[in-house]
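Analysis of the macromolecular model
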Amino acid sequence: MFRFRTTFATLGLANFLAQYHHYLIAFVLSAYLASFVGEAYVGYAVAGGSLIAVLALLAAPSIFSQYGTKNVLTVLALLQIAALLGLSLADNTIVVIVLFALQSGLAFAMFIGIDLLVESQTIREGETGNARGIMLTITNMAVIAGTLSLSYLATQFDYSKTFIAAALVLVPFVYMAIQKLPNLSHAAPPSRALPTALITEIIRSPTLRATVAAHFLLQLFFSWMIVYSPILLHDYIRFGWNDIGLLLTLAMIPYVVLNYPLGYIADRWLGEKEILIAGFIVLALTTLMMSFIDGVSFAAWATVLIMSRIGAAMVETMTETHFFKHVSEKNPAAISTFRMLRPLSNIVAPLIAVVALTTLTLPASFAVFGIIMLLGIPVSLAIKDSK
């Protein structure tokens, strides 16, 4: 049975701080960027920033291996604090875009470092689902904290205070990185595998290929919802920002409630495949439903948003559990590739939106996205259960 050691508890707190600082600004970034580049170009700005994040992630495995994980995490957090404070003061479009791209790359690199440390504390394969379930629960508690903050901060339209608050959250993280987190470095030289070699390795493994594909579809869902669901709820359905903040907070509850039990179930009873398929069915149907709810009914929107996140929680926990049952902390390049799916989805999702919105309204484009989520069903069927 997974032993909840003090070191793992420390990692849980570090993970919460890192994730909370990220989600504190995630839900206001589109509005913040729109004030500089205009709403029509927000998607392109997000895609450009995510491309920079991908490049940063390519360099991360070698840097972590060479200098030690806790040392690199400390430097990353300090640089992130500087970038966030810069965003709080910036009034030039180019500076804003550069700092936005920088903070994106730094945040995702921090997440890789935490992943490596979590894996180093997971001794047996049978513990992976529990460990990942706990960490995902902590992450989603941070998301809830971020959405609760959105309810107040978006009402005030004071983005500088949001960036300053995110920077302050990282101050205790820096202390923990220096004093509390375990060090992790590898005696072997850092992997020099090119992304193409890593991709080839994944392609040669049918179950890893399917797991990565399923996780990428999930990341597309997250990217789409973070950017476009607030626009749908505010500009089309006409909810106020207080209601939107509460709706998004309620939508996060399934992640907190379900991630750990799902990880436990995957370790003890069911395999990942069955839960994945059910998750994608729920995810697709609820996303489709968002195209057809046109009234300002708080209960209706709360229900469909919560249901969609139940499906997402099922997919997220199973893809994370299955992947990390096959990959250890000794392969930071593979973990970096897996985490790269998130910024890659931030490149692809805006492109899907550009194509869909040329002929469809934003509400109708949610139906298109729901159909895309159905691709997760055949993808999940290709996964070989760990049990």
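See above for the structure.
Structural notes, computed from the coordinates. (Residues numbered from 1 in each chain as written. Predicted model: local features only at pLDDT ≥ 70, side-chain atom pairs only at ≥ 80, totals over all residues. Heavy atoms only, no water.)

For the rest of this paragraph, the subject is a nonpolar patch on the surface. A contiguous nonpolar surface patch, about 340 Å² in accessible area, is contributed by Leu85, Ile164, Leu168 and Val171. The element contributing the most residues to the nonpolar patch is helix H7 (residues 159-179), with three residues. Note on placement: Ile164 falls in helix H7. (Patch = residues over 30% accessible without salt bridge, like charges linked within 9 Å, V, L, I, M, F, W, Y side chains within 5 Å. Areas by Shrake-Rupley, 256 points an atom, 1.4 Å probe, with all protein chains shown as cover. Salt bridge = Lys/Arg side-chain N within 4 Å of Asp/Glu carboxyl O. Helix = DSSP H or I, 4+ residues; strand = E, 2+ residues; numbered from the N terminus.)

Okay, unusual backbone geometry next. Unusually for a residue other than glycine, Arg238 sits at a positive phi of about 75°. For Arg238, a relative accessible area of 62% translates into the label exposed. (Buried < 20%, exposed > 50% of the residue type's maximum accessible area, 1.4 Å probe, protein only.)

This brings us to the packing of aromatic side chains. Remark: the centre distance and the inter-plane angle together describe each pair of aromatic rings, the angle taken between the planes. Per the stated rule, a full pass over the model turns up nine aromatic pairs. The structure contains a cluster of three or more aromatic residues connected by ring pairs, namely Trp224, Tyr228, Phe366 and Phe369. (Phe/Tyr/Trp six-rings, centres within 6.5 Å; stacked < 30°, edge-to-face > 60°.)

Taken N-terminus to C-terminus, the directions of helix H14 (residues 341-357) and helix H15 (residues 362-373) make an angle of 125°; their axes are 10 Å apart at the nearest point. Relative to H15, the element H14 lies oblique. Note on packing geometry: the crossing formed by H14 with H15 is right-handed. In this structure, H14 contributes Ile352, Ala356 and Leu357 to the contact, and H15 contributes Leu362, Ser365, Phe369 and Ile372. (Axes fitted to C-alpha atoms, helices over the stretch in contact; angles between N-to-C directions. Parallel < 35°, antiparallel > 145°, perpendicular 65-115°, else oblique. Left-handed = near helix turned anticlockwise from the far one by under 90°. Contact = heavy atoms within 4.5 Å.)

Attention now goes to the side chain of Thr10. Counting through the fold element by element, Thr10 comes out in helix H1 (residues 6-26). Setting aside anything within four residues of it in sequence, one finds Thr10 in contact with Met176, Lys180 and Leu181.

This paragraph deals with helix H11 (residues 272-289). The end-to-end C-alpha distance of H11, which contains 18 residues, comes to 26 Å, matching closely the 26 Å that a straight helix rising 1.5 Å per residue would cover. For H11, the full list of buried residues reads Glu272, Ile275, Leu276, Ile277, Gly279, Phe280, Leu283, Ala284, Thr286 and Thr287. In this fold, the buried residues of H11 make contact with helix H9 (206-236), helix H10 (241-268), helix H12 (298-326), H15 and helix H16 (376-381). (Expected span 1.5 Å × (residues − 1).)

This brings us to the nonpolar core. Soluble globular proteins: nonpolar side chains tend toward being buried together. With 111 residues, the main nonpolar core has Phe173 and Trp301 as its most contacted residues. Top element by residues in this core is helix H5 (residues 93-120). It accounts for 14 residues. Sequence-distant contacts of Trp301, that is, excluding residues within four places in its chain, are made with Leu232, Leu233, Ile237, Phe239, Leu247, Met290, Ile293 and Gly295. Ranked by size, the runner-up nonpolar core spans seven residues in total, among them Val212, Phe323, Val327 and Leu341. (Core = buried A, V, L, I, M, F, W, Y, C linked by side-chain atoms within 4.5 Å.)

Our next topic: empty space enclosed by the protein. Taken as a whole and judged by the stated rule, the model has two cavities of 30 Å³ or more. In this structure, the largest cavity encloses a volume near 830 Å³. Taken together, 46 residues make up the lining of the largest cavity; nearest its centre are His22, Tyr23, Gln219, Ile226 and Arg342. If you tally residues by element for the lining of the largest cavity, the top one is H9, at ten residues. Among the residues making up the lining of the largest cavity, the classes are represented as 24 nonpolar, 15 polar and seven charged. (1 Å grid on protein atoms, 1.4 Å probe; cavity = no way out; pocket = protein on both sides within 12 Å on 5 of 7 lines; lining within 4 Å. Points joined across faces, edges and corners; volume = space filled by probe spheres on them. Nonpolar A, V, L, I, M, F, W, Y, C, P; charged D, E, K, R; others polar.)

Packed helix pairs are characterised by how far apart their axes lie and by the angle those axes make with each other. Taken N-terminus to C-terminus, the directions of H9 and H15 make an angle of 165°; their axes are 11 Å apart at the nearest point. One finds that H9 runs roughly antiparallel with respect to H15. Of the two possible hands of crossing, H9 and H15 adopt the one that is left-handed. Residues Leu217, Leu220, Phe221, Trp224, Met225, Tyr228, Ser229, Ile231, Leu232 and Tyr236 of H9 form the contact with H15, whose participating residues are Leu362, Pro363, Ser365, Phe366, Phe369, Ile372 and Met373.

This part covers the side chain of Thr139. For Thr139, the location among the structural elements is in helix H6 (residues 128-156). For Thr139, a relative accessible area of 11% translates into the label buried. Setting aside residues up to four positions removed in sequence, Thr139 forms contacts with Asn15, Gln19 and Tyr23.

Take the environment of Met314 next. Among the secondary structure elements, Met314 is positioned in helix H12. On a C-alpha basis, the gap between Met314 and Ile275 in space is 6.2 Å, while along the polypeptide they are 39 residues apart. With near-sequence residues (within four places) excluded, Met314 lies in contact with Leu262, Ile275, Ala278 and Gly279.

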